[in-house]
Structure formats: C-alpha cells, structure tokens
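Descriptive structure summary
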Amino acid sequence: METTHVGIVGLGTVGSGVAKILLEQSTRIARHAGRQLKLQHAVVRDLKKPRGIEIASSILSDELSKITDNAQISVVAQLIGGLEPARSIMLQLLAAGKDVVTANKALLAEHGPELFDKARELGRSIAFEASVAGGIPIITSISQCLSANQITSLRGILNGTSNFIVSQMEESGMKFDDAVSLAQQLGYAEADPAMDVDGSDAAQKLAILSHLAFGSRVGWKDIPRIGIDSLDPADLRFATELGYRIKLLAIAQLTDHGLELHVSPSLVKIGRPLAEVREAYNAVSVVGDAVGRVFFQGLGAGQMPTASAVVADLIDMATGRTKITFRTLELWSQREARVDIREHDETPGRYYLRFSVKDHPGVLGDIASVLAQHQVSIASVIQHEPTRDSEGSLVPLVIMTHTATEGGVRQAVEQIELGESVKQGSVRMRVLD
Ligand code: NAP
Ligand code: HSE
C-alpha cells in the first residue's frame with residue numbers, strides 16, 4: 001500500500017487529537033484513504049510541554065524546517081491559532097510544496113485571499129472543513145453536496161463557547177466569568193476568548209460560509225455583530241417566560257434587496273430545532289431552492305470533533321479529492337461578488353426590548369409613542385410589580401414588537417433612552433419565531 005507522509009504544526013487541543021487519530025487508528029484511516037497516512041513530524045513551540053498523547057520524541061521538533069525540508073511530507077495540518085506566525089508559516093509550507101489543512105478561521109477570514117491566491121499560483125490546495133462548526137461537515141456540504149442549489153438562507157449557532165456559556169448560565173445559573181473559565185478548561189475557547197464571546201469568531205465563520213454559499217465578498221469585520229459578553233441573566237429569565245431561548249445566531253438571508261448578514265444574540269422559540277441546541281453543540285440550518293431545509297447539528301468545538309474534520313481533510317488530500325474541489329471553489333477566487341449586501345438598518349425583524357424604567361405614570365405611554373414614531377408596533381408587554389430587589393425605583397419593562405426594521409428599532413431605543421424615566425443600557429435582541 002502507498003503512503004502519504006503527513007506533518008503537523010501545533011499539538012495543542014486540536015493537533016493532539018489529530019495525532020491521536022493518525023497514530024491510534026492507522027488501519028481505519030488506511031482503509032478509508034486507500035493508502036497509509038504516516039505522521040512523519042510534529043512541530044511545536046515548547047518541546048517540554050506534556051501533550052497528553054503517546055508520541056515518539058523522534059517525531060517531535062521545534063523546528064519548522066523538519067517539515068519544510070522533508071520532501072517526503074506532502075500534506076501538513078497547520079493547527080496553531082491567531083494570525084501570526086500562522087500566516088507566515090502557511091506561506092512557508094505552501095512555498096515548500098506542501099498542501100495545507102487548517103482549522104484556523106481567523107487566519108482564513110483575515111488573510112484568505114492572499115493564502116488562496118498563493119496556493120493557486122503554486123498549484124497547491126488548502127482544506128479547512130474544521131474552520132467552521134467543528135465536527136459538522138458544513139464546508140463540504142455547502143460547496144459540494146448542495147451545489148445543485150441556490151442557497152437562500154443560512155442560520156447558524158457557530159460558536160461552541162458562546163453556546164456553552166449561555167447553556168450554563170440558563171440551566172445551572174452559572175456566572176458568566178465562571179462559564180468562560182470552564183469553556184477554556186474544556187478546550188473550546190480561542191486563545192483570546194474575547195473573540196468567542198463578542199461575536200467575532202461567529203462573524204469570521206459566517207463570512208467564510210457566505211462566500212461559499214452566496215458568492216459574497218464581505219469581510220468579517222463588515223458583518224454587524226453583537227456578542228453574548230453583556231448578556232444579563234434577567235434576559236434569560238424573561239426569554240423563558242415568553243417561551244424562547246437565547247442563542248447567539250449567525251444569519252445570512254438572501255432577499256430581493258441583497259444579502260442580509262448579522263451575528264447577534266436572538267430569542268428563538270422553544271421547540272424550534274435551533275432552540276434545542278445546547279452546550280458546545282453548533283447547528284446550521286440551510287435552505288436551498290431544490291433541497292428545501294437541511295439541518296446540521298454536532299459538536300462545534302473540542303478536541304476530537306474538530307480532529308475528526310481535520311483528519312477527513314487529510315484523507316481527502318491524500319486521495320487527491322481536494323485537488324479537484326479546490327480548483328472549483330468559489331472562496332476567495334478572482335471572481336466578482338455575486339450579491340450585494342443589504343444595509344443592516346433596512347433589515348426587518350421582530351424584536352425583544354428591555355428597558356429599566358421609573359415606575360411612574362405615563363412612562364409606558366411615552367415609550368409606546370416613540371416606538372410608533374419609528375413605525376415599531378408593540379406585540380406584547382411584560383412589567384412585573386417592583387420587588388425588594390428592584391434597583392431604586394427602577395423596574396424592567398419588556399416589550400415584544402411586531403416586524404420592524406433594525407434602523408427603526410435602533411433609533412427608537414436611542415430616543416427612548418434620552419427620556420428622564422429610562423436608564424441607559426436598554427437591551428435589544430432579534431426574535432426568531
Ligand atoms: P491551542 O490548544 O492553543 O494549540 C496551539 C498549538 O500551536 C500549540 O501546540 C502551540 O505549541 C502551537 N504553536 C503556537 N505557535 C507555534 C509556532 N510558532 N510554531 C509551532 N507551534 C506553534 O489551540 P487549539 O485550540 O488546538 O486551536 C488551534 C486552531 O484550531 C485555532 O486556529 C482554533 O481557532 C482552531 N479551532 C479550535 C477548536 C477547538 O475546539 N479548540 C475548534 C475548531 C477550530 P505549544 O503547545 O508548544 O505551545
Ligand atoms: N472557539 C471556537 C468555538 C472553536 O468555541 O466555537 C471552534 O471554532
């Protein structure tokens with residue numbers, strides 16, 4: 001049987017999982033690839049660090065040249081996070097004639113055009129199934145299995161850490177900071193967990209998916225995004241009372257007015273599949289014009305689910321499948337954008353609003369009147385009687401709206417907060433019925 005020699009750069013959470021599968025499941029991998037995949041070298045930063053796997057010291061090195069100078073190694077899993085030195089290392093690997101597998105969506109979302117151009121110029125391929133939604137095969141599904149379709153909608157829970165944190169806060173009453181620490185201990189979070197909780201990681205993944213599915217050319221920083229970093233347990237309680245769960249949703253919706261894109265914590269009706277996605281699970285609901293709705297769910301972060309996607313990419317590289325698919329991939333090709341992006345302020349939706357208001361006569365009437373000025377119609381209102389815990393004379397006032405525009409709701413909330421009876425810091429979240 002022929003052998004493909006593999007290198008790994010980075011043996012952290014994901015890299016150790018990949019090495020474990022390659023070393024412990026070599027027979028299975030050979031059966032699926034039709035050839036042996038032999039781990040030839042693994043390059044790390046700190047040789048003394050324990051790896052939690054049995055790996056011969058002769059394979060380990062802290063010199064990248066062990067891989068770049070080894071002509072036998074044809075494919076490398078590059079599993080280090082962040083932008084630099086990840087970018088330079090990937091360019092060195094490509095220049096050395098290696099095909100590269102990565103799970104680094106931050107790198108792709110930031111430097112994808114440069115890296116893909118370089119790979120095409122050198123006749124090399126980059127595979128990145130693990131970069132979006134961990135173990136869920138969403139990249140292959142969109143770019144290959146659903147390629148007969150015009151995709152019209154993508155709704156995803158794309159950040160496992162955020163979903164894990166919200167689940168912990170909702171179900172065990174855990175504090176936000178404690179849930180972040182636990183997600184870090186479990187290996188879900190990025191080196192800088194701010195990227196997970198402020199919506200950046202989900203926006204990077206949404207940018208990749210929308211390039212593939214819609215031929216958009218949007219940069220991830222241009223996707224409007226709100227994270228869960230300021231999520232208040234009070235909103236989790238109100239959402240439950242109203243029959244919803246709060247999820248950090250990444251949305252891409254194709255409309256006659258262009259592609260709507262945004263990432264934000266949203267209320268999802270209990271009973272909808274997306275509302276039931278808990279812990280570090282991710283999900284993507286895709287609508288295609290021929291296939292209808294397809295729902296994917298699986299672990300979106302963590303060692304072995306992510307390693308599963310990386311090893312599948314290594315197998316596809318070894319068999320030669322990636323070489324064919326990479327050529328036809330629309331991601332960061334030289335082609336023009338196929339869609340315009342719709343102004344965020346014009347996008348329609350239903351909203352959950354929470355104000356902290358003085359419990360005085362006329363306050364509700366004033367708020368309703370400003371909402372009406374901005375064409376925002378009220379669907380329901382909750383105001384509980386003040387309790388001993390109420391902040392001064394402030395009480396929460398929760399309003400569910402009918403469909404309105406993002407801009408109308410935003411302007412109304414800004415105007416309402418100018419009133420004397422309303423505290424700054426009102427909450428505004430989209431609602432998915
Ligand atoms: P990690 O645990 O922090 O591991 C990073 C590894 O990179 C470490 O082994 C580190 O070496 C190595 N490294 C850093 N700089 C290096 C350099 N200059 N030369 C050689 N090795 C270097 O990160 P991770 O969680 O495995 O994530 C890796 C990538 O996968 C990230 O891009 C992340 O976004 C992505 N990802 C992660 C998950 C997840 O659940 N963790 C899921 C999907 C995608 P030392 O160990 O010696 O310090
Ligand atoms: N930090 C990321 C998450 C890892 O929590 O989803 C998977 O990309």
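The rules behind each value
Residues numbered from 1 in each chain as written. Chains lettered and ligands numbered in written order. Predicted model: local features only at pLDDT ≥ 70, side-chain atom pairs only at ≥ 80, totals over all residues. Heavy atoms only, no water. Near = heavy atom within 4 Å. Polar contact = N/O pair within 3.5 Å; in protein donor to acceptor, adjacent residues only side chain to side chain. Areas by Shrake-Rupley, 256 points an atom, 1.4 Å probe, with all protein chains shown as cover. Nonpolar A, V, L, I, M, F, W, Y, C, P; charged D, E, K, R; others polar. Domains from an automatic or database assignment. Contact = heavy atoms within 4.5 Å. Buried area = accessible area lost by both parts, 1.4 Å probe. Salt bridge = Lys/Arg side-chain N within 4 Å of Asp/Glu carboxyl O. Helix = DSSP H or I, 4+ residues; strand = E, 2+ residues; numbered from the N terminus. Buried < 20%, exposed > 50% of the residue type's maximum accessible area, 1.4 Å probe, protein only. Pairing = 2+ DSSP bridges. Phe/Tyr/Trp six-rings, centres within 6.5 Å; stacked < 30°, edge-to-face > 60°. Lys NZ or Arg CZ within 6 Å of the ring centre and 35° of its normal.

As a further point, take the site of ligand 1. Around ligand 1, a shell composed of 25 residues is seen, among which Asp46, Lys49, Arg51, Glu190 and Gly302 lie nearest. Asp46 has a polar backbone atom sitting 2.7 Å from an oxygen atom of ligand 1. In the environment of ligand 1, an oxygen atom lies 2.7 Å from a nitrogen or oxygen atom belonging to the side chain of Arg51. Compared with its free state, where it exposes 890 Å², ligand 1 has 85% of that area covered by protein. Among the residues forming the shell around ligand 1, the class breakdown is eleven nonpolar, eight polar and six charged.

By a widely used convention, the size of an interface equals the accessible area lost when the partners come together. For the protein, the assigned domains read domain 1 (3-134 + 305-329), domain 2 (138-299) and domain 3 (347-431). The centre of domain 1, based on its C-alpha atoms, is set 26 Å off from the matching centre of domain 2. Across the boundary between the two partners, domain 1 contributes 15 residues, which contact 18 residues of domain 2. Of the roughly 1,500 Å² buried at the junction of domain 1 and domain 2 (both faces included), carbon and sulfur atoms supply 64%. Our enumeration of links across domain 1 and domain 2 arrives at three salt bridges. Ionic pairing is found between Glu190 and Lys105, a salt bridge with its closest N-O pair at 2.8 Å. Among the elements that make up the side of domain 1 that touches domain 2, the one with the highest residue count is helix α5 (residues 105-122) (five residues).

Turning our attention to the pairing of strand β12 (residues 348-358). Counting buried residues along β12, nine of its eleven residues qualify, which places the element largely inside the surrounding structure. Here two bridges tie β12 to strand β15 (residues 404-405), and the two strands are oriented antiparallel to one another. Within the sheet, the bridge partner assigned to Pro348 lies in β15 and is Thr405. Summarising the sheet, β12 and strand β16 (residues 427-432) pair through five bridges and their orientation is antiparallel. Across the sheet, residue Tyr351 finds its bridge partner in β16, namely Arg430. One ladder, built from seven bridges, connects β12 with strand β14 (residues 394-401); its direction is antiparallel. Residue pairing for β14: Arg354 is matched across the bridge by Val398.

The next thing to look at is the packing of aromatic side chains. Applying the stated criterion across every chain, the model contains three aromatic pairs. In textbook terms, an aromatic cluster arises when at least three aromatic residues are bridged by ring pairs, as seen for Phe116, Phe128 and Phe326. The ring of Phe326 carries Arg120 above its face, with NZ or CZ at 5.2 Å from the centroid.

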